[in-house]
Amino acid sequence: MLMALPFFADCRRALLGGQTSCAEIAQLALDVIQAKNPSLNAFTYVDDASVHRSAEAIDKALAQGSELPLAGLVLGIKNVLSTLDWPVTCASRILRGYRPPFEATSVKRLRAAGALLIGRTNCDEFAMGSTTESSAEGPTLNPCNRAYVPGGSSGGSAAAVAAGMCHAALGTDTGGSVRQPAAFCGILGLKPTYGLVSRYGLIAYASSFDCIGPLARDAEVALLILSQMAGKDPSDATCVNHAVDYKNGLEEGDVSGLRVGLPREYYGQGLNSEVRQLIERTAEDLESMGAKLVPMSMPHTAYGVAAYYILAAAEASSNLSRYDGVKYGLRLTDKDASLDSMYTRTRSRGFGFEVKRRIMLGTYALSAGYYDAYYGKGQRVRSLIRQDFDEAWEHVDVLLTPVTPSSGARIGEWGQDPLQMYLSDVYTVTANLAGVPGLSVPVGKTSEELPVGVQLLGPPFSEQKLLGIGKTIMESIRKVH
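Because the structure is a prediction, the values reported are computed rather than measured.

1. Description of the packing of helix 2 (residues 22-40) against helix 3 (residues 48-63)
Running from N to C, helix 2 and helix 3 point in directions that differ by 155 degrees, and their axes come no closer than 8 Å. Our classification of the angle between helix 2 and helix 3 gives roughly antiparallel. The element helix 2 and its partner helix 3 pack so that their crossing is right-handed. Between helix 2, through C22, A23, A26, Q27 and L30, and helix 3, the contact on the second element is made entirely by D48, V51, H52, A55, I58 and D59. In the contact of helix 2 with helix 3, the residues fall into seven nonpolar, two polar and two charged.

See below:
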């Protein structure tokens, strides 16, 4: 039985050398999914016929001389990104059966570059969560240890890549939802600069935070995917005109003279000792290769979680008001029910508990008499956190921090204590508040064999540099440890 899909570089080499075809690569991926997905629940929708049609079209285009830089790449798509040929439900009962009449710009660009879309990956409902347990499709399990969560909200994407069911997958990062599951599953996860990748076709959770990013097993694949997605899109007013150059690839080992900031607020109380040891070992490895470690302070970090959960919930309250049972999705009513009764029944039964909690929190924060005390103050804190980052770049090139305080949670553990789940975002939400890019890089495992990731944060549009450093870290670990 095939245990995992071969790496993209191997598939690509065989494809261009005529030793295989996209149709054969597609079948390999479908075989691995059939073998592994029933026990992991990483994919919630796979249409074999659609996959085969797409693979045959890619093979035909290659035979006609088309240059498709992503031909041979098998890609999972998070269940919040619109595609023309698949339903998208955001892992929620309220959108069950919905088929969008348009396609996300990011998906369209990757498809045009030859990527083979293999299926929809599971996620927390409307991307609200850190465990992928709030999905109406059931929880996803961590392939590294099935007693543990894969993280969230892009847990299905992370689990699918880590289990070798696809080469890479798209996730979304609103407060850490690409980086955290990547860390828990032992792979790379990139949150781009806000505005670098178009959000058109992404079903919104919090519009000023949401970022689409790749999860992959190696840095080159993540850069290649980003380079195809990035760039101006007239359908998204927040998308900037900034291209990403992947043709020169990533250079390993180029960290001499790199100023690496170690903000003390990210290394305080609550950080697991084994996680701390692995992060500190990574810092020492970089120093041994010529990087300069710079202790520093980001004084407003402590307010990040509170500000994020006020602001993101407020935006969620507004964005999710459209799901009322009138236009599309679930409708629960009877012939004698009032409009208000239909709204109440549809939303009460259509949304899960975590989504309803955040809608209510956000609605309260936006209500008359509380707006300035909560939402207004949250926006002021956001400005201060952004200012911390702006000042940091005057002294350092990148920041090196943990991704999460621990190496994960057992299935069901955080459901009993949502505050603990929210606090697990303490090291990731600040990047979303400031709009800067962040990368989760696997750096080892705990004594229980649970993966641990290190986070690299950089100035706006420094994704290529972060991925190059990430590649260097991974190569160093392979050689030395």
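Having seen it, we continue.
2. Brief notes about the packing of helix 11 (residues 353-366) against helix 12 (residues 371-392)
Contact geometry of helix 11 with helix 12 gives a least axis separation of 6 Å together with a crossing angle of 105 degrees. One finds that helix 11 runs roughly perpendicular with respect to helix 12. Between helix 11 and helix 12, the contacting residues are Y364, A365 and L366 on the first element and Y371, Y374 and Y375 on the second. Classifying every residue of the contact of helix 11 with helix 12 by side-chain character gives six nonpolar, no polar and no charged.

3. Here we look at the sheet that holds strand 11 (residues 451-457)
On the basis of which strands lie adjacent, the open sheet formed by eleven strands has the order 1-3-2-4-6-5-10-11-9-7-8 and mixed pairing. The strands lining the two open edges of the sheet, one partner per strand, are strand 1 (43-45) and strand 8 (292-296). Across the sheet, the mean angle separating the axes of adjacent strands is 35 degrees when strand polarity is ignored. Relative to strand 6 (residues 211-216), strand 5 (residues 188-191) runs antiparallel, the two being bridged by two bridges. Looking at strand 6, one finds that G189 is bridged to L215. Against the sheet, helix 8 (residues 273-288) engages strand 7 (259-263), strand 8, strand 9 (398-402), strand 10 (438-445) and strand 11, with an angle of about 155 degrees to strand 9.

4. Considering the environment of L262
Among the structural elements, L262 can be located in strand 7. When residues no more than four places from it in sequence are discounted, the contact partners of L262 are Y267, L293, V294, P295, M296 and L400.

5. Here's the deal with a nonpolar patch on the surface
Side chains of V326, L339 and Y343 sit close together on the surface and give an oily, nonpolar patch of about 250 Å² of accessible area. Structurally, the position occupied by L339 is in helix 10 (residues 339-350).

6. What to know about the side chain of T132
Within the fold, T132 resides in the loop between strand 3 (116-121) and helix 5 (155-162). Taking the relative accessible area as the measure of exposure, T132 reaches 0% and is therefore buried. At a separation of 2.7 Å, a polar atom in the side chain of T132 contacts the main-chain carbonyl oxygen of G151.

7. Thoughts on the pattern of salt bridges
A complete count under the given rule lists twelve salt bridges for this structure. E220 is paired through a salt bridge with K471; the nearest N and O atoms lie 2.7 Å apart. On the criterion of sequence distance, the pair formed by E220 in helix 7 (residues 219-229) and K471 in helix 15 (residues 463-480) is long-range, its members being 251 residues apart. For K471, a relative accessible area of 15% corresponds to the buried category.

8. What about the pairing of strand 3?
Along any regular strand the residues' side chains alternate between the sheet's two faces. Most of strand 3 is tucked away: six of the six residues are buried. As paired strands, strand 1 and strand 3 are joined by two bridges and run antiparallel to one another. Opposite Y45, over in strand 3, you have R120 as the bridge partner. Summarising the sheet, strand 2 (residues 74-78) and strand 3 pair through five bridges and their orientation is parallel. From the neighbouring strand, G76 faces strand 3, where its bridge partner is G119.

9. Quick notes on the environment of S235
Note on placement: S235 falls in the loop between helix 7 and strand 7. With 34 residues separating them in the primary sequence, S235 and G201 have C-alpha atoms 9.3 Å apart.

10. Things to note about the packing of aromatic side chains
Each aromatic ring pair is specified by the distance between its two centres and by the angle formed by the two planes. Under the definition given, this model contains 17 aromatic pairs. With centroids separated by 5.9 Å and ring planes inclined at 70 degrees, the aromatic side chains of F126 and F351 adopt a geometry described as edge-to-face. Placement of F126 in the loop between strand 3 and helix 5 and of F351 in the loop between helix 10 and helix 11 is noted, with a sequence separation of 225 residues between them. This pair shows no difference in class: F126 is buried, exactly as F351 is. Centroid distance Y370 to Y374: 6.3 Å. Interplanar angle 40 degrees. Geometry classified as tilted. Judged by its relative accessible area of 35%, Y374 is partly exposed.

11. Topic: unusual backbone geometry
Note that the residue after G152, namely S153, is joined by a cis bond; omega there is 5 degrees. The residue S153 is located in the loop between strand 3 and helix 5 in this model. Even without being glycine, C90 reaches a positive phi, approximately 55 degrees. The residue C90 is located in the loop between strand 2 and helix 4 (105-112) in this model. Judged by its relative accessible area of 0%, C90 falls in the buried class.

12. Here we look at helix 7
By the criterion of burial, helix 7 is predominantly enclosed, with ten of the eleven residues buried. Turning to helix 7, its buried residues are A219, V221, A222, L223, L224, I225, L226, S227, Q228 and M229. G231 lies just past helix 7 and shows a positive phi near 125 degrees.

13. Focus on the environment of V107
Topologically, V107 is positioned in helix 4. Each C-alpha atom of the pair V107 and M360 lies 32 Å from the other, and the pair is 253 residues apart in sequence. Leave out the neighbours within four places in its chain, and V107 touches I77, L81, S82, T83, L117 and L170.

14. Side note on the pairing of strand 11
In terms of burial, strand 11 is largely enclosed, as seven of its seven residues are buried. Side-chain alternation along strand 11 places P451, G453, Q455 and L457 on one buried face and V452, V454 and L456 on a second face that is also buried. Looking at chain direction, strand 9 and strand 11 are connected through four bridges and run antiparallel. Bridge pairing in strand 11 places L400 opposite L456. In terms of strand pairing, strand 10 meets strand 11 through seven bridges, oriented antiparallel.

What counts as what
Residues numbered from 1 in each chain as written. Predicted model: local features only at pLDDT ≥ 70, side-chain atom pairs only at ≥ 80, totals over all residues. Heavy atoms only, no water. Axes fitted to C-alpha atoms, helices over the stretch in contact; angles between N-to-C directions. Helix = DSSP H or I, 4+ residues; strand = E, 2+ residues; numbered from the N terminus. Parallel < 35°, antiparallel > 145°, perpendicular 65-115°, else oblique. Left-handed = near helix turned anticlockwise from the far one by under 90°. Contact = heavy atoms within 4.5 Å. Nonpolar A, V, L, I, M, F, W, Y, C, P; charged D, E, K, R; others polar. Pairing = 2+ DSSP bridges. Patch = residues over 30% accessible without salt bridge, like charges linked within 9 Å, V, L, I, M, F, W, Y side chains within 5 Å. Areas by Shrake-Rupley, 256 points an atom, 1.4 Å probe, with all protein chains shown as cover. Salt bridge = Lys/Arg side-chain N within 4 Å of Asp/Glu carboxyl O. Buried < 20%, exposed > 50% of the residue type's maximum accessible area, 1.4 Å probe, protein only. Polar contact = N/O pair within 3.5 Å; in protein donor to acceptor, adjacent residues only side chain to side chain. Phe/Tyr/Trp six-rings, centres within 6.5 Å; stacked < 30°, edge-to-face > 60°.

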